[in-house]
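Understanding the architecture of this molecule
Residues per chain, in single letters:
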Amino acid sequence: MVVLPVRFERSPRLHSMLSEDAFAVGTQVVVQGKRGPEVATVRGEPGQAKNNERYGAVLRAATPEDLERWAELHRIGTDLKWLLRARARERGLAVKLVAVEFTLDESLVTVSYSADERIELTGLIGEVRDHTNARVNFAAIGPREQAQMIGALGACGRGNCSSTHLQDFAPVSIRMARDQQLPLNPEKLSGPCGRLLCCLQFEHTQYQDLLRDLPRKNAKVCHTGTGACGKVTKLHPLAGTVDVYSDQGMLLNVPAGELRRAADSDGKGGKDSA
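Residues numbered from 1 in each chain as written. Predicted model: local features only at pLDDT ≥ 70, side-chain atom pairs only at ≥ 80, totals over all residues. Heavy atoms only, no water.

1. Considering the environment of G257
Inclusion rule: Strands here are runs of E lasting at least two residues and helices are runs of H or I lasting at least four, both read from the DSSP assignment and numbered beginning at the N terminus. Exposure is judged per residue with a 1.4 Å probe applied to protein chains only, and the accessible area is read against the type maximum: over 50% gives exposed, under 20% gives buried, and values in between give partly exposed.
Looking at the element boundaries, G257 is found in the loop between β12 (251-255) and β13 (259-261). Overall, the relative accessible area of 76% leaves G257 in the exposed class. The spatial distance from the C-alpha of G257 to the C-alpha of A115 is 52 Å, given a sequence separation of 142 residues.

2. Section: the packing of aromatic side chains
Note the following rule: Centres within 6.5 Å make a pair out of two Phe, Tyr or Trp rings, where for Trp the six-membered ring is used; the pair is then stacked when the planes are under 30 degrees apart, edge-to-face when over 60, and tilted otherwise. By definition, being over a ring means that NZ of Lys or CZ of Arg is both within 6 Å of the ring centre and within 35 degrees of the ring normal.
According to the stated counting rule, one finds zero aromatic pairs in the structure shown. Sitting over the ring of F8, R10 keeps its end group 4.7 Å from the ring centre.

3. Quick look at the sheet that holds strand β6 (residues 96-102)
For clarity, the threshold we go by: Strands are treated as partners if at least two bridges between them are detected by DSSP. Under this scheme, a helix contributes an axis fitted over its contacting stretch, all axes are lines through C-alpha atoms, and angles between N-to-C directions fall in the 0 to 180 degree range. Should any heavy atoms of two residues lie within 4.5 Å, those residues are considered in contact.
The strand order across the open sheet built from three strands is β6-β7-β8, with neighbouring strands paired in mixed fashion. The sheet is open, and its two edges are formed by β6 and β8 (135-140), each paired on a single side. Averaged over all pairs of adjacent strands, the angle between their axes in this sheet comes to 20 degrees, without regard to strand direction. In terms of strand pairing, strand β7 (residues 108-114) meets β8 through six bridges, oriented parallel. Looking at the pairing, L108 lines up with R135 of β8. In the packing of helix α1 (residues 64-90) onto the sheet, contacts are made with β6 and β7, and the angle to β6 comes to roughly 150 degrees. Contacting β6 and β7, helix α3 (residues 143-150) runs over the sheet at an angle of about 55 degrees to β6.

4. Examining the state of the cysteines
Rules: The term disulfide is used for any two cysteine sulfur atoms that are within 2.5 Å.
Tallying each qualifying case throughout the model produces one disulfide. Just so you know, C156 is unpaired, no disulfide at all, and the nearest cysteine sulfur is the one on C161, 6.5 Å from it. Free cysteine C193: the closest other cysteine sulfur is in C198, separated by 6.2 Å.

Structure follows, in structure tokens:
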């Protein structure tokens, strides 16, 4: 037995599955996951199983019949999604129906939705049952999961991280934006999901390392060459420089290595004192 990393269509996250065969990357396979049998794509080389890990199972390579059935269920799910959206509007339900997904054996249909408040959707079960005998499961998802499933363009002009490559949703804080000297504008710091940009975390540790060599903002410093003193007004971690408003009323951009602390300086540490 080997372990194969596979990817489902709804997200870029890789799931480890036990398999008797080492299928090539790109092979579409039928897997037994938490929901039931589904079609997934092999996205990595085979590895060895770990004793303390729990795995799903690769049942077989997907046949043309499997793929045809999977495509048909996808079409049915898309039609059901639009139908349920219309019925939700008619009933005045404040909910967004994101996706309707079947298992390959049509034993389960999962309706993924997002809502600002707790909402009762059992009244829509009858609408689903008119089109399938599958058991219905309503799954509430958050804004990030919604963006992951739908897909969107990020501020960089490329596909958003959550739907292209991100494996987990790590915590993102406004401190990361402060450390990167970004303007604290919610519109510029928020992704398509309305939450802080996931990419703020990607380079945060590098910025923390760079900031350790810079004086604090508002610290009192002096230039070792000219002796001019002033207050640090802005940090430039990537360039290794800081802006200093001198006691003579001049704004200077000075390499951090050419500065020394004045007697009343707040010292080094690279963190905003505000």
